[in-house]
Structures are given as C-alpha cells and as structure tokens.
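# Tertiary structure, described
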Amino acid sequence: MPRLSEVIAALENLWPAEWAESWDAVGTVVGDPDQQVARVLFAVDPVRETVDEAVRLGADLLVTHHPLYLRGTTTVAASTFKGRAVHTLIKNDIALHVAHTNADRADPGVSDALAGALDLRVVRPLVPDPGDPDGRRGLGRVCELDHPVTVREFAARAAARLPATAQGIRVAGDPEALVRTVAVSGGSGDSLFDDVRAAGVDAFLTADLRHHPAAEFMADRAHSPLALLDAAHWATEWPWCELAAAQLDEISDRHGWDLRVHVSKTVTDPWTAHAASITTDSLGAPN
C-alpha cells in the first residue's frame, strides 16, 4: 500500500496548487503523510454526510472538491460542524485533501467532466489559462453538440443526465431556439458572462445564477441572443468525482498500488424540495 504522501503527490500532479485562485484553500487539510492508504472516497462536499460515509466505508483518504475551511478559522472545536468533521476524520485515521479551482482549471477538469456527462464535444477552454502554452487548461469549456437541439430539448438532456436535485434545470431564453454550441462551467458561473458572450455560443449551462446578473445579461440579448441554463451547483460538479476517481484508478494501476477508489453518491445539495408555480393562461404577479 502507498503512503499518504505518495498518493497526495500523485493528486497534486493532476491538480497543482499553483493553478488555484489566490483566494482558494486547496491541498491536504488533515492526515499523516506516513499513514498507509488502501481506500479512497471522492465527494463534492466535506460535510457530515460524506465524512460519515468515509468512516463507514473504511476509507483512509477523503478527496473533496469544496474546501472545508475556505476563509480560515480560529477553532476546530467539535462543537462546530466543521470542527466535528476534523475530529471525526482524525479519530478514524482518515485524511482529507481538497482540489477546488485547481481542478476547475485542469485538463481534464471539472467542466470537461460536466461536458462529458452532457455528451458534448469540448472545443476549447472558455477562459484559457495564460500559463498553458497548449491552450487546453482554463475555466469553463466551449463545446459542440453532435446535432442541433432546441433549448427545451437540451434542458431536458441536462435534467436527465446530471444527478437529480430539487432544483432541476432553470431556463432563460426562447425554449424553441436551436442550440449548436454551448459553454459550460461547473459551479457558480455568472462571473463568466462576458467570456460567454465573446465565445459566440448559443447557450450557457452553469449554476448559481443570480437574479441581477442574469437579468442584465438577458436584457442584452439583442447583442447576444443566447439561452441560460441554471443547474444545481452540486450537480454540475459531481461528474468530476467520477473523472477524478478514474484518474486515480489509472495511477494506482500504473504504480501497482491496488487502491480501492470510490465515488460518493450521497446528495449534498442543500435544497431538498421544489414546489412548482401554478401556471395559468395569464402569467404575472397577483393583483
């Protein structure tokens, strides 16, 4: 069995910390570099549900996309939910490693996995990383479909192929407009609107679209009449877990580590229910 330090070195080769945004908190959070690793669990969120799953599974390493402590802390007291996670991990000899925006920028990365789940062909990064001379790394991806579909059909595809959540897929734009090219970005994507408009795509699928940025973007449709598709944050990033697990599996086989690599299917999206509005022939606010 490999030591934790060896496995972490392999993960950092996939997603170097220097690729992360300056505000991000990536890397190993807890773990003894000399401990042996036989079983690894990948998940989006380092929350109680996934930590408890790692304990039940007998995992030695939990790898998550989201950081446990993004903005720092002054305590790991078990009276806080994050402190409880730290205590549980340490008591059960489970290491925690985070790959966040460094995995977003990677090739392949989070948005490649999202594109793959939607059966899209990746053409290029939406926001290329200037440090990559090959032009393959960066945020988001510009993609093509095998054949044009309507916005309504593409939304249905996303709803069927991404993990099910209470939110589903929200759409802004003409449901019958044709989609040939799509920009995708796993996680929160409304900071990329200028890049999406410049890409000249027919639709943009991402998550966490806020009212004002989305409304202003759609108001400028005369210059860029594309559709917005808003999925749940967790659902757009979960496909990366399967991609990352496959990458570690390949590394394990190459080194003869015989790791057992798992992907959490626990839904950690915070929204648990959805009540659809009752539509009538006359939509609008009540009188």
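Anything mentioned here points back to the structure above.
Before going into details, it helps to say that this report is about the structure given with it. Within each chain, residues carry numbers counting from 1 in the order of the written sequence. Note on the predicted model: pLDDT of at least 70 is required for a residue's local features to be given, and 80 or more for side-chain atom pairs to be given and counted; whole-chain, interface and lining totals, by contrast, use all residues. Hydrogen atoms and water are omitted, and side-chain values are computed over all heavy atoms in the structure.

### Points about the packing of aromatic side chains
For this analysis, a ring pair means two rings from Phe, Tyr or Trp (six-membered ring only for Trp) whose centres lie within 6.5 Å, classed as stacked if their planes differ by under 30 degrees, edge-to-face if by over 60, and tilted for the remaining angles. Applying the stated criterion to the full structure yields four aromatic pairs. Taken together, the ring pairs in this structure connect Trp15, Phe42 and Trp240 into an aromatic cluster.

### Considerations on unusual backbone geometry
Here the residue pair Asp107 and Pro108 is connected by a cis peptide bond, since its omega of 0° sits within 30 degrees of zero. Helix and strand definitions here come from DSSP, where helices need a minimum of 4 consecutive H or I residues and strands a minimum of 2 consecutive E residues; each element is numbered from the N-terminal end. Structurally, the position occupied by Pro108 is in the loop between α4 (101-105) and α5 (110-117). Residues other than glycine seldom take positive phi values, yet Asp208 does so here, at roughly 60°. Summarising the element assignment, Asp208 is placed in the loop between β9 (203-207) and α8 (211-219). For Asp208, a relative accessible area of 34% puts it in the partly exposed group. Each residue is assigned to one of three classes by its accessible area relative to the maximum for its type, calculated with a 1.4 Å probe on protein chains only: buried under 20%, partly exposed between the two thresholds, exposed over 50%.

### A short note on the sheet that holds strand β8 (residues 178-188)
Strand pairing follows a simple DSSP-based rule, namely that at least 2 bridges must link the two strands. A sheet is described by the order of its strands in space; here six strands give the open sequence β5-β6-β8-β9-β10-β7, paired in mixed fashion. The open sheet is flanked by β5 (121-128) and β7 (170-172), the only strands paired with a single partner. Along the sheet, successive strands turn relative to each other by an average axial angle of 25°, direction set aside. With three bridges joining them, β7 and strand β10 (residues 227-231) adopt antiparallel strand pairing. Paired with Ala172 across the strands is Leu228, a residue of β10. Contact between two residues is taken to exist if any of their heavy atoms lie within 4.5 Å; hydrogens are not considered. To define axes, lines are fitted to C-alpha atoms, for helices over the stretch in contact only, and angles between the resulting N-to-C directions are given on a 0 to 180 degree scale. Along the sheet, α5 makes contact with β5, β6 (138-150), β8 and β9, crossing β8 at roughly 135°.

### As for the side chain of Ser252
Here Ser252 is to be found in helix α9 (residues 233-255). Not counting residues up to four positions away in its chain, the partners in contact with Ser252 are Trp257, Asp258 and Leu259.

### Considering the packing of helix α1 (residues 4-14) against α9
Following both chains from N to C, one finds α1 and α9 inclined at 125°, their axes separated by 11 Å at the closest point. Between α1 and α9, the angle is such that the two are oblique. When the axes of α1 and α9 are compared, the crossing they make is right-handed. Contacts between α1 and α9 involve Val7, Ala10, Leu11 and Leu14 on the former and, on the latter, Gln247, Leu248 and Ile251. Residues were grouped as follows: Ala, Val, Leu, Ile, Met, Phe, Trp, Tyr, Cys and Pro as nonpolar; Asp, Glu, Lys and Arg as charged; and all remaining residues, including Gly, as polar. Looking at the contact of α1 with α9, its residues break down into six nonpolar, one polar and no charged. Our angle categories are set so that under 35 degrees counts as roughly parallel, over 145 as roughly antiparallel, 65 to 115 as roughly perpendicular, and the remainder as oblique. Here a crossing is called left-handed whenever its near helix is offset anticlockwise from the far helix by less than a right angle, and right-handed whenever the offset is clockwise.

### Remarks on the sheet that holds strand β2 (residues 39-43)
Hydrogen bonds between backbone atoms are what pair the strands of a sheet, whose relative direction is either parallel or antiparallel. With respect to topology, five strands assemble into an open sheet ordered β1-β4-β3-β2-β11, the strand pairing being mixed. The open sheet terminates on both sides in strands that have one partner only, identified here as β1 (27-30) and β11 (260-263). Taken over all neighbouring pairs, the strand axes of this sheet differ in orientation by 25° on average, direction set aside. Here β1 runs beside strand β4 (residues 95-98); their pairing, made up of three bridges, is antiparallel. Counterpart to Gly27 in the pairing with β4 is Val98.

### Things to note about the pattern of salt bridges
Salt bridge, as applied in this entry: a Lys or Arg side-chain nitrogen positioned within 4 Å of an Asp or Glu carboxyl oxygen. All chains considered together, the criterion is met by 17 salt bridges. The shortest N-O distance in the salt bridge between Arg210 and Asp190 comes to 2.9 Å. Taken together, the residues span a long stretch of sequence, with Arg210 in the loop between β9 and α8 and Asp190 in the loop between β8 and α7 (193-199) at a distance of 20 residues. By relative accessible area, which is 11% here, Asp190 ends up buried. Residues joined by salt bridges that share partners form a network here, namely Arg3, Glu6 and Asp34.

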